[in-house]
Structures are given as structure tokens and as C-alpha cells.
Amino acid sequence: MKQNWWKYIGVLLLIYVHLGGLMLEAPRLNILNETVRALYFHVPMWFGMVLLYMISVFYAIKFLRNPLSDADVKSVEYAHVGTAFGILGILTGMLWANYTWGSPWHGDPKQNGAAIALLVYLAYFVLRGSIENDEQKARLSAVYNIFAFAAMIPLIFIIPRLTDSMHPGNGGNPGFNAYDLDSRMRLIFYPAVAAWFLIGLWIVSLRVRYRILQNHLTE
Amino acid sequence: MKRFLTLTILSLCSLVGYTQAAEVEMADTMRANGKIYVVVGIILIVLLGFIAYLFMLDRKLNRLEKEYKK
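Residues numbered from 1 in each chain as written. Chains lettered and ligands numbered in written order. Predicted model: local features only at pLDDT ≥ 70, side-chain atom pairs only at ≥ 80, totals over all residues. Heavy atoms only, no water.

Draft legend 1. The arrangement of the packing of helix α3 (residues 69-100) of chain A against helix α6 (residues 183-218) of chain A in detail. Residues and elements named next belong to chain A. Two numbers describe how α3 lies on α6: the axes approach to 9 Å, and their chain directions differ by 140 degrees. When the interaxial angle is binned, α3 and α6 end up oblique. The interaxial crossing formed by α3 with α6 has right-handed handedness. Between α3 and α6, the contacting residues are Asp70, Val73, Lys74, Glu77, Tyr78, His80, Val81 and Phe85 on the first element and Trp196, Gly200, Leu201, Ile203, Val204, Arg207, Val208, Arg211, Ile212 and Asn215 on the second. (Axes fitted to C-alpha atoms, helices over the stretch in contact; angles between N-to-C directions. Helix = DSSP H or I, 4+ residues; strand = E, 2+ residues; numbered from the N terminus. Parallel < 35°, antiparallel > 145°, perpendicular 65-115°, else oblique. Left-handed = near helix turned anticlockwise from the far one by under 90°. Contact = heavy atoms within 4.5 Å.)

Right under this line is the structure:
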């Protein structure tokens, strides 16, 4: 119970975010209209993904410095849940784009970059699945993890800012200011990021514990 | 005089119409008649179900870990 406090905080924040995100006042903006609320649910997916990938690459480096099997398991599972967040982020983005940009896939640099970044991470799982030797698998995938993270950052954060993009915060478009992210929206958005990150950590912890048990049993 | 009055009334009407069109459309009716609570309720049920499921998985793993340590 005492070790679980962060899970309860995550759950409470998530309930607050859903209630507040749907019912509190949101800025009245043309084109966006009521869909401005999607920000509370779409953007935290990406924040969650990047944070989970960051922890994943941390464990990958930790594994390379000191090959413990636990670091490898953690690295994979963080990447796994991070990818799940990313897929949800891209799907919510497509639905949102359909109503505000006119079609689900616009070939917008932000969308393309995010899709390529996800493919780079999917290749990570393909790589892991294709190597029989566990030691080799862990080492090679840890190296690839670093590459994947280094590719993801420019694909999502830098290239869309250098070119034309309709996505807020990119290509000369204002980020939060476009939504008039005043104190009202911040009050829900930041807790949403924290809540989904905590839920992500929780799912990772479940998967890691399962994998460690599995490893013990197969040994 | 009559013509002037109709003109003012009509122009006032058009002004009212103009400001209404300029106002951003939001789901105000849904909020006014309370149907928004149906949506909020449904989403909360799904969310709570998902969370309950996570807690159950957590408990299951706890039990397995204890069993393994024995």
C-alpha cells in the first residue's frame, strides 16, 4: 500500500483530467471549436512516449556499461510501453487532423516524422525478435536503442520546426499560444502529462515484474 | 420616418446576426441540457474499468512473486 502511493496519485490525476478536460471552460477558437480539448489527451501521449523512451535509453546505456539482465528487461519494457503511447498518439492525431486539417494524413512533417520515429522503434523489436542468443540480443538491441532515440529527437522535435508544418509549435506556428493555452488549459494539461506518465510507469513495472518472474522460471 | 425605423430595425437585426455568426460554435447546447454528463459518465466508467484491471493485474503479480519466493 505504501509503495503504491504514486499509482494512486496517477489514478486521481487521471480522473481529475478526464472530468476537468471534458467539463471545464476551454478557449473558444475557430476551426478548433470544441476539439481544442483533444490537447489534454493527444499531447500527453507524446510526452509520455518521449519520457518512457528516455528511461529506456538510460537503461540501454546502463546495460552496456554493466551487462545485468535486469537493465535489458527494463530497457525493452520502457520502449514497449513508449511505443504503445506513440501509436495512441498518432491515432488520436489522425482523428484530430481529419477535423482540423481536412484529412487524417496530410504528409505534414510532424506526422511523417512521428511515423518514421515509430517505425525506427518497431525495427528495434524486429531486431530483438530475430536474434536467438540472449546475450547478443541484449547487447545489439541496447546499441540500437541509443540510435533509435538519437533518430527520434530530430524527427519529432527538430525537422518539423525547420520546415513548414501545420502542427502547433512547428514551422513557425506558435505552440501552446495557438490554443491560447492560458492558465485554464495549463491547469488540466500538466496534470494530464503527469497522470499518463505515472500510468505508463505502472504498466512498465507490471511488465518488468512479469518478465523477471518468467526469466526466473525458465532458468 | 417609418422607412427610417424599419431600416434601423433591419440593420440592428443584421448586426445581431453578424455577431452571432462571429461567435465560435461550441457544444453549448449539450452542456445546457446536461447531456455532457452522459458522455463524461461513460468515459469515466471505461477509465475506472481500465484502472481496476491494472490493479487486479498488479495483485496477481504480487501473489505470484510471493509464491516464487517461497
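This is not the end of the story, as more comes after the structure.
Draft legend 2. Region of interest: the environment of A:Tyr59. Residue and element names in this part refer to chain A. Topologically, Tyr59 is positioned in helix α2 (residues 39-65). Here the alpha-carbon distance between Tyr59 and Asn145, two residues 86 residues apart in the chain, equals 9.6 Å. Look past the residues within four positions of Tyr59 in its chain and what remains in contact with it is Ala71, Lys74, Ser75 and Tyr78.

Draft legend 3. A look at the side chain of B:Asp58. Mapping B:Asp58 onto the fold places it in helix α3 (residues 36-69). Apart from residues no more than four positions distant in its own chain, B:Asp58 is found in contact with A:Lys7, A:Trp202, A:Leu206 and A:Arg209.

Draft legend 4. Structural view of the interface of chain B and chain A. At the interface, 24 residues of chain B touch 26 residues of chain A. Across the interface of chain B and chain A, roughly 2500 Å² is buried in total on both sides, 72% from carbon and sulfur atoms. Contact with chain A buries area across many residues of chain B, yet B:Val24, B:Met26 and B:Tyr68 alone supply 23% of it, more than any other trio. The tally of links between chain B and chain A comes to 5 salt bridges. A salt bridge links A:Arg209 to B:Glu65, with the shortest nitrogen-to-oxygen separation between them at 3.0 Å. In this assembly, chain B and chain A are joined by 11 residue pairs in polar contact (both at pLDDT 80 or more). For the side of chain B that touches chain A, the secondary-structure elements that each account for two or more residues are α2 (28-32) and α3 of chain B. The greatest single-element share of the side of chain B that touches chain A, amounting to 18 residues, is contributed by α3(B). Counted by class, the side of chain B that touches chain A contains 18 nonpolar, 1 polar and 5 charged residues. (Buried area = accessible area lost by both parts, 1.4 Å probe. Salt bridge = Lys/Arg side-chain N within 4 Å of Asp/Glu carboxyl O. Polar contact = N/O pair within 3.5 Å; in protein donor to acceptor, adjacent residues only side chain to side chain. Nonpolar A, V, L, I, M, F, W, Y, C, P; charged D, E, K, R; others polar.)

Draft legend 5. Fine view of the UniProt feature "transmembrane region" (unreviewed entry) in chain B. UniProt records the feature "transmembrane region" (unreviewed entry) at residues 37-56 of chain B, using the numbering of this structure. End C-alpha to end C-alpha, residues 37-56 of chain B measures 28 Å, and it is 100% helix and 0% strand. (UniProt positions renumbered as here; feature names shortened; annotations may be inferred.)

Draft legend 6. How the structure looks around α3(B). Here α3(B) contains 34 residues, and its C-alpha end-to-end distance of 50 Å stays within 8% of the 50 Å for a straight helix at 1.5 Å per residue. Along α3(B), the residues classified as buried are B:Ile36, B:Val40, B:Leu44, B:Leu47, B:Ile51, B:Leu54, B:Asp58 and B:Leu61. Contacts from the buried residues of α3(B) go to α1 (5-23) and α6 of chain A together with α2 of chain B. (Expected span 1.5 Å × (residues − 1). Buried < 20%, exposed > 50% of the residue type's maximum accessible area, 1.4 Å probe, protein only.)

Draft legend 7. Representation of the nonpolar core within the structure. Counting residues in hydrophobic clusters, the biggest one holds 49 residues, and the most contacted among them are A:Met49, A:Tyr53, A:Met152 and A:Ile199. Elements represented by at least two residues in this core include exactly α1, α2, α3, α4 (109-129), α5 (134-162) and α6 of chain A together with α3 of chain B. Apart from the residues lying within four places of it in its own chain, the contact partners of A:Met152 are A:Met49, A:Val50, A:Tyr53, A:Ala117 and A:Tyr121. Residues A:Leu32, A:Val36, A:Tyr40 and A:Val43 belong to the second largest nonpolar core, which totals 14 residues. (Core = buried A, V, L, I, M, F, W, Y, C linked by side-chain atoms within 4.5 Å.)

Draft legend 8. Structural view of the packing of aromatic side chains. Residues and elements named next belong to chain A. Applying the stated criterion across every chain yields a total of 12 aromatic pairs over all chains. Between Phe47 and Phe189, the ring centres sit 5.5 Å apart and the planes meet at 85 degrees, which makes this aromatic pair edge-to-face. Here Phe47 is found in helix α2, whereas its partner Phe189 is found in helix α6, with 142 residues between them in sequence. Under the relative-accessibility criterion, Phe47 is labelled partly exposed at 34%. Of the residues examined, Phe189 reaches a relative accessible area of 0% and is grouped as buried. Chaining the aromatic ring pairs together yields one cluster made of Tyr124, Phe125, Tyr144 and Phe147. (Phe/Tyr/Trp six-rings, centres within 6.5 Å; stacked < 30°, edge-to-face > 60°.)

Draft legend 9. Spatial organisation of α3(A). Its 32 residues place the ends of α3(A) 46 Å apart at the C-alpha level, agreeing with the 46 Å of an ideal helix rising 1.5 Å per residue. Positioned one or two residues after α3(A), A:Gly102 has a phi angle of 105 degrees, which is positive.

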